[in-house]
Structure formats: C-alpha cells, structure tokens
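# Chains, contacts and geometry: an overview
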Amino acid sequence: MISRYFSQNQLKGLVKTGDVILPGTDTSPSFSDTGSICHIDRMAKFLSPDDLSGLQLLMGIFAFTPKWVITLVLKLCSQDRFLPGFPGAGLRMLEIGVKGAVFSPYYSNLTAPDYTGRKVHEIIGWNPKIFVKEAKDPQPVPVNRDNPSPEAVLQIYARARAVQPDIREWGLKKRLEFISSLKAVILKNRKYILDRVQEDTGKSRFDAITAEIFGVLDFLDYLEKNAAKYLSDRNVSTPFALMGKKSRVYFEPLGTALLISPWNYPFYQAIVPICQAFITGNAVVFKPSSATPLKGLVEELLDKAGFRPGWVQVVYGRGSDLGNALVDGKPDKIFFIGSQGVGKNIMARAARHLIPLELELGGKDPMVVFADVNIQRAAAGAIWGAFTTTGQSCTSVERLFVHQDIYETFKQVLVAETQKLTQATDKDGNTDIGAITTRTQVETIARQVADAKEKGATFLTNEDWNGESVFVPPMVVEGVTPDMLIHQEENFGPILPVYSFASEAEALALANDPEFGLSASVWSKDLVKAERVARQIYTGNVSINNVMLTEGNHALPFGGVQKSGFGRYKGEFGFYAFANIKAVLIDKDSKKMEANWFPYTREKYRLFDRLTAALYAPGRLLPLVKGAYWGLRLESCVAKLAKKGRQK
C-alpha cells in the first residue's frame, strides 16, 4: 500500500500498533488481517495538520519499537488518572489518537479488497452504524482501449487530463514510492514477465532477462536514487545587477504524455518511458507495438504496484488511423521509438498542433577496431553487439570496420566464434539467441540477403538459410558494396558486414554514415586516439572498448542525430524531456522602483551608461567596485524620480 499521508515506515508502525490493540481472537480477525489499513487515508484527510503530524511522528517511532514496548506505552496511557495535569492529559490524548486511528477503520467495516473473512460487525453481532462513505474514483463511461475509435481516444485523453492534477499533487517524494513498489512487483514476478516476453518475441531466455528485466530494474533503481536530485526546485545564480533578488528553476509536469514503443524490447520500452514521464508528474497514454503488445501485462503490474486508475492508460491497435487519432488528441508531449517512415508521419501531424516530440528512429551503428586491440575480446564484443536479441536492436553493430593489419586474423576468430552460437526460444537460459519476432522482418532480411548474394557478397557463415525460417542464423558477410541493401538499410537482424580500413581518416570517413547517427563503438588500446575518433563520429552515443554500453548506464542520456532522430531520454536530461522547465525570479514587495522602469531621463541614462561600462570592463575586482559606486548613484537617482516624478 502507498499512502498519500504516511510513509512506508509509518504504515508499518500503524499496522504493528493495530495488532497490539486488536490482535484478533479465534473468531475475529486481527487489525492487519482485515487490511483496514488500506483506508487510513480517508480518515487522515480530515485530520487537522497538527493531529496528522503528531500521528505521523508517533507511528514513525512505533515502526522501530518492539510490540512489548508499544503494549507498555498503551497500558501506561490507561493509568492517566494517576497522573494529574499535563502528563495525564498528554497520555489521554495519545491513547485517543492511536486508538482512534485503529478503531475507526476496523469497526467501520472497512477491509482490504482481497479480504475474504467475516466482517467484524457480523462476528460481534452488533453494528454501531459507524459508516465511512466509500471513497471511490468517479467511474467514467467504459472506454474501449482495444482499437479505439477517434471518439474513444478523446475520452481516453479526457480521463488522463482529469487525473493528472492528482498525480502532480502526490508530489515527487510520494511518486517515488510507486516506483519502488513497481520495482518490487517486477522483481517478484520476473519469471512470469519473461514468459510473456518470450511468448510475444521469441527471444532467448538470457536475452530477455538481461535487456527486459535487469535493464528495467536498474533504471527504476536509478530513478529512486536520482529523481529528487534532478527534479527538485533549484536555486541558480543572480547577477550583480539584480542584487537582492532570487532566481529559481521549477521542474513541473507537462500534462499528458503519449508514448509509442517498438516491438523489439516491448517490456523495457514500456516501463522505462512510462516511469520517466510519470515521475515528472505526467499522466500517460501508452501504445505498444501491435506485434508485441504484451497485452494486459503492463496494466497488471502497475495495478499491483498501487498505481491509480487512469494514471497510465494502455491503448492497443495498429495502423495509421489509430496513430493519427492519438496525435490529434493533442497530448502535451509525444515520445516515439520506431521506424523513420512512421516517425516522419507523426512529426508532420504533431506539427499541426505544435506538439513537442522526441523521436528515436534506429541506426546503422559502426564498430571501429584498430590494430592494437586484444583480438579475442574485440571479436567477442562484435559478435554480441551484432547478434544480441538476434540483431533486433536499434544500436546493434551493423558495420564492422577492422584495421587491415589484423583484418584476416580478426575475421578468422569472428567466424569461428559466430559458428559456436546456439539458437532457440529456450526456457532455461542455455541458448544464445532466439527467433526473429515478426514475419515482416523475416521477409525484409530475406530481401537484403538475396540482394547481397546476387551482387557478389560472400557469406562467411550460414549462407544456406532458407529465407523463411524465423530462426534466422547469425551471418558474417564480406565483400559488401555501397549498392547493396545491407549497406544502405538498417539491418534489423543477425547480419554483420565486415570491412577493412587502412588509416584513421579512412575509418572516420566510413563510420560517419550520411543518414544515421544513433550509436557507435571505438576499440583501441590507445585511449587518446580512441577518444579522438569518438569525438569525430557524428552520433548520439559512443562506447570505447565496449559495445552498446551507453545504454547500460542510465545516468547517460540516450538519443540520436540526423535520421536517427532527436531529443534525449534517460539520465538527467531524460527527466527534462517530460518537464516544463520554469524560470522564476523572486523579488521583495517594497516601495523600491527599478532602474529600467519609466520615467527615462538624461541623468538616468548617463548613470546607467556609466554602470554598464563599469560592470563589464576587463578585470574582476575593479569592475565590481566601480559598478557598486555607479549603482548606488543610479539607485539614488531612481529613488528621487519615484518620489518626485519627472520634473518638467
């Protein structure tokens, strides 16, 4: 349970105290058995601030207090008649407050939704008619979220806008409790989630747990540790000319975020952007890919984590009509991961409504290997980088450039190790790669392979693939030329073209793709050279002596350049992707007038000119001294004008 008014420790203290007061009997449930604690917010809402803060403090202490001590304290309260004056009154108030917090929900016949035992008033045979009106969310007209009509889409947005103020009012600290709860739910249900992911994607078990489960948990852990740091109000410096004023930055929610995710990492690309948008205070409308919808899974997990109805709404369906309707619903931000074609359409439609958006549209990532590397390690990195998730990653290695001095040796190791990979959709984690997820992608890979073979490319591994099986084997390809589709298009599959280069300048020319720019990797023992090359590759992310690893650090922003998209999410900048960054300048209410306000006079102009020249002259100390002098002269002039006005 997540309470608006009590921390997890305070709730723990309240449950413990409740069981001391109402431990249950052979026939009646204990306080904790009924789950009546679920309704504590309904009572707390009507407490005075002082009473609420007192109860919060006491329950926070009781959370770490043994039950026998709590029992002793409550017994002492019952002896208040022997303690006259303030001590006795204090004990009476403590007893009334604690027992009131316990008795009210217990004897009001309030229980947890999953409680199946007998009601308290049925057991005691007496109903005192204590009744707290059930505080239910307003039940909207049921909305179809499975291929919804444009009218239904508008209803979805209406609900999102209705609940968004509630998300905001919970505050950042409380929203983080929902993130922590979700992390615990995912960890507990990871095997079930893996089964669902494999069912929809055909991934190997190990691919699924590393990318979909570990990656998500690590991201939520990052939010827990860093969201408050980056989203809390921030003081910024105020210049000398504005002395006496304060400058602050507020990070506020935009409102409603529309998130559209791809099919290759359906769980990761659901939870990560949903939580990134939610933690900033936004309501979310989320549309998964129709190819891997994980239908009902995200909603089920969010519900178990305590997310309130309407905070995150998942919309299912396919086709441009649904996409157009979602954009035309005018969300406050659009975040899209997918193909260039769809991204362009979304961008064009969003422009009609001036909706800000971020696009991640895939890449054609280069891996540059210089001659001084450890060949075995670099080859292993290339194999994983090219074939993880069966090559169905936006940042997989799609162009491998190896220095000519080690090219032949590197190629031999690369081919030998690739041929050792195992392939299946397994259940025990003992298989390297799985299947291609969609039939459409199998057909695309078959077209690229056939084109390369026809134009003379040499397939060093698995050239006998039949072009139909979803278990597309990993292929290392040599002799790729610019006119081939596998050179021009994104290879969203297990295809690794290998090229040689002679110099650093040639490697840069090859790596800097004219269209894409999502990610890259540079491999060299010489870190100075590696960083020099990394700086000159036009891309959004670079790993040095590793591959696809910028995604593994959630403190790093993620996004591309050129046709790979724009905008950044994750890391500090990811928080701001879903935030209204509001600049605030705070001044005191006084009689003082500003120097730049009317009226303007010759003398005021002369003094302001002298102040300007003094403040921004070369040097450090002297400009401040002169600036202070002319500033005081100007203030005096402004004060006289405020008192007497312009003299004609």
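Anyway, here's the lowdown on the structure attached to this text. Throughout this document, residue positions are counted from 1 along each chain, in the order its sequence is written. Per-residue local features are limited, in this predicted model, to residues with pLDDT of at least 70; the limit for side-chain atom pairs, both in listing and counting, is 80 or more; totals at the level of whole chains, interfaces and linings are taken over all residues. Values shown for side chains rest on all heavy atoms present in the structure; no hydrogens or waters enter the calculation.

As a further point, take the overall build of the protein chain. The secondary structure content of the protein chain amounts to 23 helices and 16 strands. In terms of its C-alpha atoms, the protein chain occupies a principal-axis envelope of roughly 100 × 90 × 50 Å. Counting every position in the protein chain, which comprises 648 residues, the buried fraction comes to 50%. Any two residues having at least one pair of non-hydrogen atoms within 4.5 Å are treated as being in contact. When contacts within the protein chain are restricted to residue pairs at least 6 apart in sequence, those whose partners lie at least 24 apart make up 71%. Only carbon and sulfur atoms are counted for the fraction: they give 57% of the accessible area of the protein chain, which is about 31800 Å². In this tally Asp and Glu are treated as negative and Lys and Arg as positive; neither His nor the chain ends contributes. Every charge is mapped to an atom, namely NZ of Lys, CZ of Arg, CG of Asp or CD of Glu. Here the protein chain contributes 78 positively and 68 negatively charged side chains, and the mean placements of these two sets differ by 12 Å. The helix count covers DSSP runs of H or I at least four residues long, the strand count covers runs of E at least two residues long, and both are numbered beginning at the N terminus. Under the scheme applied here, a residue whose accessible area is under 20% of the maximum for its type counts as buried, over 50% as exposed, and between as partly exposed, the area being computed with a 1.4 Å probe on protein chains only. Each accessible area value is a Shrake-Rupley result obtained with a 1.4 Å probe; residue values ignore everything except the protein chains displayed when judging cover.

Relative to the helices and strands, Thr389 is located in the loop between α15 (375-387) and β9 (397-403). Its relative accessible area of 2% is what places Thr389 among the buried residues. Every residue in contact with Thr389, bar those within four places of it in the chain, is listed here: Lys203, Asp207, Asn264 and Tyr265.

To continue, consider the layout of surface pockets. Think of a 1 Å grid over the protein atoms and nothing else: a 1.4 Å probe that fits but is trapped marks a cavity, an open set flanked by protein within 12 Å on at least five of seven lines marks a pocket, and residues with an atom within 4 Å of a point count as lining. Grid points are joined across faces, edges and corners, and a volume is the space filled by probe spheres set on the points. Approximately 1200 Å³ is the volume found for the second largest pocket. Counting residues per element, the ones that place at least two in the lining of the second largest pocket are α13 (320-328), β6 (333-337), α14 (340-353) and α17 (439-454). Ten residue types, Ala, Val, Leu, Ile, Met, Phe, Trp, Tyr, Cys and Pro, are classed as nonpolar, four, Asp, Glu, Lys and Arg, as charged, and the remainder, Gly among them, as polar. Looking at side-chain class alone, the lining of the second largest pocket contains twelve nonpolar, 19 polar and five charged residues. When residues of the lining of the second largest pocket are assigned to domains, at least three fall in each of domain 2 (150-360) and domain 3 (365-554). As used throughout, domain bounds are those supplied by an automatic or database domain assignment.

DSSP bridges decide pairing: two strands pair if at least two such bridges lie between them. The pairing of strand β1 (residues 234-236) with strand β2 (residues 246-253) spans three bridges and is classified as antiparallel. Its bridge partner lying in β2, Asn235 is registered against Arg248. Where β2 and strand β16 (residues 579-586) come together, eight bridges link them in antiparallel fashion. Residue pairing across strands places Tyr250 opposite Lys582, the latter belonging to β16.

This paragraph deals with the sheet that holds strand β15 (residues 565-566). Within the open sheet, the six strands sit side by side as β5-β4-β3-β6-β7-β15. Their pairing is mixed. Strand pairing shows two members of the sheet lacking a second neighbour, β5 (312-314) and β15, which therefore form its edges. The sheet contact formed by strand β4 (residues 283-287) and β5 spans three bridges and is parallel. Paired with Val284 across the strands is Val312, a residue of β5. Comment: axis = line fitted to C-alpha atoms, over the contacting stretch for helices; angle = value between 0 and 180 degrees taken between N-to-C directions. Helix α11 (residues 268-279) contacts β3 (256-260), β4, β5 and β6 of the sheet and is inclined by roughly 160° relative to β4.

Quick look at the nonpolar core now. Grouped together as the largest cluster of nonpolar side chains are 89 residues, with contacts concentrated most on Leu182, Ile186, Leu220, Phe267, Ile271, Phe307 and Phe575. Looking at which element gives the most residues to this core, the answer is helix α8 (residues 150-188), with 15 residues. In plain words, nonpolar cores are sets of buried Ala, Val, Leu, Ile, Met, Phe, Trp, Tyr and Cys residues tied together by side-chain atoms within 4.5 Å.

This part covers unusual backbone geometry. Peptide bonds are mostly trans, and most non-glycine residues show a negative phi. Here the amide bond leading from Phe598 into Pro599 is cis, since omega sits at 5°, within 30 degrees of zero. By the element assignment, Pro599 lies in the loop between β16 and α22 (602-615). Although it is not a glycine, Lys330 sits at a positive phi angle of roughly 60°. Mapped onto the elements of the fold, Lys330 is located in the loop between α13 and β6. For Lys330, a relative accessible area of 48% translates into the label partly exposed.

Interpretation in functional terms is not warranted from these geometric data alone.
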